[in-house]
Amino acid sequence: MPKRTHSPFLLEAKPVLGEVIERLKPWFDYISVLATDDRGLSYFALPGETRTAEPMWVQRGFVFRAQREGKVVEYACAVLPGAAQESVSFASTRSRASASAIEIADAVRARLDSLLADATLIPFPQIPDEPATAEFLGEIEEDPFAADPEDVLDRLAALREKLTDGKVVVMAQSRYECVDVSRLFLSPNRSLMQSFLWSQAYLFGVARRGQMSKMSYRPASGRKGLEILRGLETSVPELAKELADLLDAVPMEPGEYEVILDPDMAGTLAHEAFGHGVETDMFFKKRAKALEYLGKRVGSDLVTMYDGAAGVDQTGSYLFDDEGTLATKTCVIENGILKGGISDTLSALALGIARTGNGRREAYSHKAYARMTNTYFAPGTSTLEKMIASVKHGWQLSQLNSGMEDPRNWGIQLICMVGREIKDGKYTGRVASPVVCSGYVPDVLSAVSMVSSDFELGGSGACGKGHKEYAKVSSGGPYVKTRMRLG
């Protein structure tokens, strides 16, 4: 498969930024720069309309981080500042090489000095700068930037038309979005560069009978190109049948039930239960109950959970985070015992714990926070068939709609679109929709009694932090059997 290429803009910027960092080095205890150049495409096929747009993830800019006497500040800019003018771009600076680097370094230093003069800044331990040189170039099969936009729109339109039969499925829409990520990180001892493309796509359908309407969907995602549409194209018959079944759905009778969560639902349980709850900036701010349970049991022996941009390949994967820390794979829960959290640099330094490579920014102009990447339960040894056979009365839940968790009190809520009833180890044919699932996190994880050997990750959504600061993530794992309150 053809490899991606690094952004020409960043390649042109690299030698100038390298000289800027060298000139700034004597003035600070720590200095670094992250340069970003992410481009993207969005395509939509709606009833009677096709259109294109630019994704929210597109960005180009720089963020400098400096530390002096413990105080840490950042200065972000869309174009580099210069001494002779308000700002200069690389198109103009490259020909002036060293002279430009001197001007840029002086201007950046002046801004950082001004920020460091703030007497209210909190001191942190020294930011380490271990030597590292690395790069990563992703691979894809079908390049969306080389494709004719009309061809992509025709392909999406054909998808929605194939699903819409005019009798049961009365409306459908499809969407494809991709982002070509290119990042450069430089410090006195580190030179890191990565370029890869991720894509996500959706096929939504609406079924109607009289005054009743039901909706469901199929997603696709990965560090891939247009080839992810193939999975949607083969999912149409299954989605059409599911939509027809939903028209006969019954309301869920409230109560506590045995439940089998599909990989997407199980992954969201992991994401909400011990994803946000172990972001260590929440430890530092005393906003996470998980801090009180480190080293203690929080789930059954079957519960092992990971987060990490390394070790798996999905939309939350990368070589290094937005603070220049190489990606890792972090064991959050091992055999039911809470082992640790996922950290950004500053919270890790403040707490005296390891940096896990989870310092992420929505964009170069945003602060770095401890954020999830790929969050998932480890597979077990059961088969889905045996899990279904073990259920006396319960529900298999799929097609996630939303999820939320309170990291201070450990309440969790998941909403899904499809619940399939199981009695005496067999499907009854009854379908419930929508289904609201809730519980107290340790109770839900302690009730985990079976985990399948399957493993699936999906990254077709995004994760916010306090209704802002969005980051691309994935979640998933195996099928998980537990108990939850349904309504």
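Residues numbered from 1 in each chain as written. Predicted model: local features only at pLDDT ≥ 70, side-chain atom pairs only at ≥ 80, totals over all residues. Heavy atoms only, no water.

Peer 1: Residue-level account of the overall build of the protein, with values.
Peer 2: Scanning the protein from N- to C-terminus turns up 10 helices and 25 strands. A compact globule built from 487 residues should have a C-alpha radius of gyration of about 23 Å, and the protein, at 24 Å, falls within 12% of that. Residues counted as buried form 55% of the 487 residues belonging to the protein. Of the accessible surface of the protein, which amounts to about 20,100 Å², a share of 51% is contributed by carbon and sulfur atoms. (Helix = DSSP H or I, 4+ residues; strand = E, 2+ residues; numbered from the N terminus. Rg over C-alpha atoms; globule rule 2.2 N^0.38 Å. Buried < 20%, exposed > 50% of the residue type's maximum accessible area, 1.4 Å probe, protein only. Areas by Shrake-Rupley, 256 points an atom, 1.4 Å probe, with all protein chains shown as cover.)

Peer 1: Outline a nonpolar patch on the surface, supporting the account with residue identities and numerical values.
Peer 2: Taken together, the side chains of Phe284, Leu351 and Ile353 present a nonpolar region at the surface, about 220 Å² in accessible area. Relative to the elements of secondary structure, phenylalanine 284 occurs in helix α7 (residues 280-284). The class of phenylalanine 284 is partly exposed, set by a relative accessible area of 36%. (Patch = residues over 30% accessible without salt bridge, like charges linked within 9 Å, V, L, I, M, F, W, Y side chains within 5 Å. Salt bridge = Lys/Arg side-chain N within 4 Å of Asp/Glu carboxyl O.)

Peer 1: Tell me what's going on with a negative patch on the surface, and back it up with residues and numbers.
Peer 2: Judged by side-chain charge, Asp148, Glu150, Asp151 and Asp154 come together as a negatively charged surface patch. By the element assignment, aspartate 154 lies in helix α4 (residues 149-163). (Lys, Arg positive; Asp, Glu negative; His and termini not counted. Charge placed at Lys NZ, Arg CZ, Asp CG, Glu CD.)

Peer 1: Please give an account of the sheet that holds strand β10 (residues 305-308) that cites residues and values.
Peer 2: The 6 strands are arranged β12-β11-β10-β15-β24-β21 in an open sheet whose pairing can be described as mixed. Bordering the open sheet on either side are β12 (337-338) and β21 (456-458), each of which pairs with just one other strand. (Pairing = 2+ DSSP bridges.)

Peer 1: Can you explain the nonpolar core? Please cite residues and give values.
Peer 2: Grouped together as the largest cluster of nonpolar side chains are 50 residues, with contacts concentrated most on Leu269, Phe274, Ile333, Phe377, Leu397 and Leu486. Tallying contributions element by element places helix α6 (residues 263-274) first for this core, with 6 residues. In this structure leucine 397 touches Val259, Ile260, Leu261, Asp262, Met265, Cys416, Val418, Gly419, Val435, Cys437 and Leu486, once residues within four positions along its chain are discounted. Judged by nonpolar contacts, the second largest core, of 28 residues, contains Phe9, Leu10, Leu24 and Leu112. (Core = buried A, V, L, I, M, F, W, Y, C linked by side-chain atoms within 4.5 Å. Contact = heavy atoms within 4.5 Å.)

Peer 1: Run through the packing of aromatic side chains, naming residues and quoting values.
Peer 2: A complete count under the given rule lists 11 aromatic pairs for this structure. Centroid distance phenylalanine 9 to phenylalanine 62: 6.0 Å. Interplanar angle 45°. Geometry classified as tilted. With phenylalanine 9 in helix α1 (residues 8-24) and phenylalanine 62 in strand β3 (residues 59-68), this residue pair connects regions lying 53 residues apart in the sequence. Seen from the ring of phenylalanine 44, arginine 51 lies directly overhead, with NZ or CZ sitting 4.4 Å from the centre. For arginine 60, the ring lying beneath its charged end belongs to phenylalanine 9, and the centroid distance is 3.9 Å. (Phe/Tyr/Trp six-rings, centres within 6.5 Å; stacked < 30°, edge-to-face > 60°. Lys NZ or Arg CZ within 6 Å of the ring centre and 35° of its normal.)

Peer 1: Could you give me a rundown of helix α5 (residues 229-246), with the residues and numbers involved?
Peer 2: Because an α-helix packs 3.6 residues into every turn, residues spaced three or four apart end up facing the same way. Relative to the 26 Å expected for 18 residues at 1.5 Å per residue, α5 spans 25 Å between its end C-alpha atoms, a close match to the ideal helical length. Along α5, the sharpest change in direction is near 45° and occurs at serine 235; proline proline 237 comes one to four residues later. Listing the buried residues of α5 in full gives Leu229, Leu232, Ser235, Val236, Leu239, Glu242, Leu243 and Leu246. (Expected span 1.5 Å × (residues − 1). Bend = angle between axes of the 7 residues up to and from the residue.)

Peer 1: Describe the pairing of β3, and please don't skip the residues or the numbers.
Peer 2: When you tally the buried positions in β3, you get 8 out of 10 residues, the bulk of the element. Both β3 and strand β4 (residues 71-77) contribute to a ladder of 7 bridges, which runs antiparallel. The residue bridging arginine 65 from the neighbouring strand is glutamate 74, located in β4. Between the end of β3 and the start of β4, which pair antiparallel, lie 2 residues, with glutamate 69 showing a positive phi angle near 50°.

Nothing here speaks to function; it is all geometry.
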